[in-house]
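Here are the chains, one letter per residue:
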There are 2 protein chains.
Amino acid sequence: MRYPAAETAEKHQRILDEASRLFRERGFAGVSVGEIMKATGLTHGPFYNHFASKQALMAEGIRHASEKTLTDLRAVPGTGEGRSAYVARYLSADHRDAPGQGCLMAALACEISREPEVKRSFTLHLKTYIDTFTRHFPWPRKQDARGDAIRMLSSMVGALILARAVDDDVLADEILREVKSKLG
Amino acid sequence: MRYPAAETAEKHQRILDEASRLFRERGFAGVSVGEIMKATGLTHGPFYNHFASKQALMAEGIRHASEKTLTDLRAVPGTGEGRSAYVARYLSADHRDAPGQGCLMAALACEISREPEVKRSFTLHLKTYIDTFTRHFPWPRKQDARGDAIRMLSSMVGALILARAVDDDVLADEILREVKSKLG
DNA sequence: CACCATACATGATGCCTGTCATGTATTCAA
DNA sequence: TTGAATACATGACAGGCATCATGTATGGTG
């Protein structure tokens, strides 16, 4: 290689960082390859030295965000209180207003369903996420822990998506508060 | 007017029909104005005789789909059984596989949050939908009927979105089934 | 019957986008 | 020290897009 391998690998990671942030903020179609490269301090040219296509970057971006999401989840105390805090943060106004740093399911799930390559990458994420969520926290109804986890996740994702889609802070807050009140 | 007013109005409705279907199937960015016009049997030219811009069509398309959604909801029997049937249909594989005819929240909410004009239109829909949903069905916990309705909606929307984003029918079915089992 | 308003088709324009071609500079390996 | 491989910048290209311009045909109105 002609450029320092370490720096190249770091640039690769920066592209993934910026891509997964920008995609979550504006959607796949709302961000161009050139914009992502510019955000990492490069020009649009060397993109194809790093990724085969924009769709490949989307799939890799999902995997990248997934790893961070799972790391964060595993760092939460595996107790009832830990779960309550996790849910409360998930359903907070801060999270609602920072999609670029937040849950990739809530930010991109609708668009993911239309991109086959990305869909495969996301499926792996969701499987791991459900498994981790189920095993990491205690569940009163032990015989149906996984079912309870799935229901909790569905509520969280749905509530966050609806709260973000609404132009009225009162309604958005109400949705987050009501769902939080029965999950926290 | 030079063309029969009735036919023109009917074409206007057809544009809205096709637009709201195609948008739900492929997302706002995934459908072009020309494609929508072609789907109605017209060419791309007269689009701007009917709508001020693509964004205006998106907002109108939301309103159009909202009216149909609310009409359908009000036609369901206002009983516990009616609600169960409604939820079961919402969380069915048929609904999952037919986004073009289905819930506009599940199909477009993620993208709506990024389009201010559309967001305003959607806010009106969600307010009306929550109100209708709350008032139309009986709720055991009368003092918190609205909260229960919001929680139920969040679960339904989240589950459907996740089920659609997944490339694995077993997992998708599991999500729908688990959420249905505690709501139906 | 004549006129005017307007919804239509065709076509053009300018912009943005994903992708590829080319030349260059540099670092690692020999 | 030299050569070769490669990540970079610049630039080009073709396609698609929203939007607008123009001409035309038509039906309701006077």
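Residues numbered from 1 in each chain as written. Chains lettered and ligands numbered in written order. Predicted model: local features only at pLDDT ≥ 70, side-chain atom pairs only at ≥ 80, totals over all residues. Heavy atoms only, no water.

Draft legend 1. Structural detail: the environment of Asp167(B). If you trace the backbone, Asp167(B) turns up in the loop between helix H9 (145-164) and helix H10 (169-183). Here the alpha-carbon distance between Asp167(B) and Ala88(B), two residues 79 residues apart in the chain, equals 22 Å. Excluding residues within four positions of it along the chain, Asp167(B) makes contact with Lys119(A), Arg120(A) and Thr123(A). (Helix = DSSP H or I, 4+ residues; strand = E, 2+ residues; numbered from the N terminus. Contact = heavy atoms within 4.5 Å.)

Draft legend 2. Expanded view of helix H5 (residues 80-90) of chain B. Residues and elements named next belong to chain B. The complete set of buried residues in H5 reads Gly82, Arg83, Tyr86, Val87 and Tyr90. For H5, the angular spread of the buried residues around the axis is 130°, confining them to a single face. When the buried face of H5 is taken as reference, the exposed residues oriented beyond 90 degrees from it are Glu81 and Arg89. Along its buried surface, H5 packs onto helix H4 (54-75), helix H6 (93-96), helix H7 (104-112), helix H8 (116-136), H9 and H10. (Buried < 20%, exposed > 50% of the residue type's maximum accessible area, 1.4 Å probe, protein only. Arc of directions from axis to C-beta.)

Draft legend 3. Local environment of the pattern of salt bridges. Residue and element names in this part refer to chain B. This structure, assessed with the given rule, holds 35 salt bridges over all chains. Salt-bridge contacts for Glu60 lead to Arg63; the nearest nitrogen and oxygen are separated by 3.4 Å. Placement of both Glu60 and Arg63 in helix H4 is noted, with a separation of three residues, approximately one turn of the helix. Take Arg63: its relative accessible area is 44%, and that puts it in the partly exposed class. Arg96 is paired through a salt bridge with Asp97; the nearest N and O atoms lie 3.0 Å apart. A residue is classified by how much of its surface remains accessible, and Arg96, at 10% relative accessible area, is buried. (Salt bridge = Lys/Arg side-chain N within 4 Å of Asp/Glu carboxyl O.)

Draft legend 4. Here's a closer look at the interface of chain B and chain A. Across the boundary between the two partners, chain B contributes 48 residues, which contact 48 residues of chain A. Here chain B meets chain A over a buried area of about 3700 Å², counting both sides, of which 64% is carbon and sulfur. Per-residue buried area on chain B facing chain A is highest for Arg114(B), Arg151(B) and Leu162(B); these three make up 16% of the total on that side. Our enumeration of links across chain B and chain A arrives at eight salt bridges. Two residues, Arg151(B) and Glu178(A), come together in a salt bridge whose shortest N-O distance is 3.1 Å. Joining chain B to chain A, the criterion identifies 17 residue pairs in polar contact (both at pLDDT 80 or more). Breaking the side of chain B that touches chain A down by element, the ones donating at least two residues are helix H1 (5-26), H7, H8, H9 and H10 of chain B. Tallied by class, residues from the side of chain B that touches chain A come to 22 nonpolar, eight polar and 18 charged. (Buried area = accessible area lost by both parts, 1.4 Å probe. Polar contact = N/O pair within 3.5 Å; in protein donor to acceptor, adjacent residues only side chain to side chain. Nonpolar A, V, L, I, M, F, W, Y, C, P; charged D, E, K, R; others polar.)

Draft legend 5. Spatial organisation of the relation of the copies chain B and chain A. Under the fitted operation, chain B is carried onto chain A by 0.0 Å of movement along the axis and a turn of 180°, and the coordinates agree to an RMSD of 0.0 Å. The operation mapping one copy onto its partner corresponds to a two-fold rotation axis. Taken together, the interface assignments show that 100% of the residues at the interface of chain B recur at the interface of chain A, consistent with an identical surface on both copies. (Least-squares fit on C-alpha atoms with pLDDT ≥ 70 in both.)

Draft legend 6. Looking closely at helix H9 (residues 145-164) of chain A. If you check H9(A), its first and last C-alpha atoms are 29 Å apart, about what 20 residues at 1.5 Å a residue would give, namely 28 Å. Counting buried positions along H9(A) gives 19 out of 20 residues, so the element sits mostly inside the fold. (Expected span 1.5 Å × (residues − 1).)

Draft legend 7. Spatial organisation of the environment of Ala93(A). Looking at the secondary structure, you find Ala93(A) in helix H6 (residues 93-96). Once the C-alpha coordinates of Ala93(A) and Leu160(A) are considered, the two residues, 67 residues apart in sequence, prove to be 9.3 Å apart.

Draft legend 8. Region of the structure containing the environment of Ala149(B). All names here are of chain B. Structurally, Ala149 is set in helix H9. When its relative accessible area of 0% is taken as the criterion, Ala149 is described as buried. It is 26 Å that separates the C-alpha atoms of Ala149 and Ser20, two residues lying 129 residues apart in sequence. Ala149 has contacts with Phe133, Thr134 and Trp139, leaving out every residue within four places of it along the chain.

Draft legend 9. Region of interest: the packing of aromatic side chains. All names here are of chain A. Summed over all chains, the structure comprises 16 aromatic pairs over all chains. Considering the side-chain rings of Phe23 and Phe28, the 5.0 Å spacing of their centres and the 65° angle between planes classify their relative orientation as edge-to-face. As far as the burial class goes, Phe23 and Phe28 line up, both buried. Ring centres of Phe47 and Tyr48 lie 4.8 Å apart, and the angle between their planes is 85°; this geometry places the pair in the edge-to-face category. Taking relative accessible area as the criterion, Phe47 reaches 0% and is therefore assigned buried. Residue Tyr48 is classed as exposed on the basis of its relative accessible area, which comes to 53%. Here the guanidinium or amino end of Arg83 rests over the ring plane of Trp139, the centre of that ring lying 4.4 Å away. (Phe/Tyr/Trp six-rings, centres within 6.5 Å; stacked < 30°, edge-to-face > 60°. Lys NZ or Arg CZ within 6 Å of the ring centre and 35° of its normal.)

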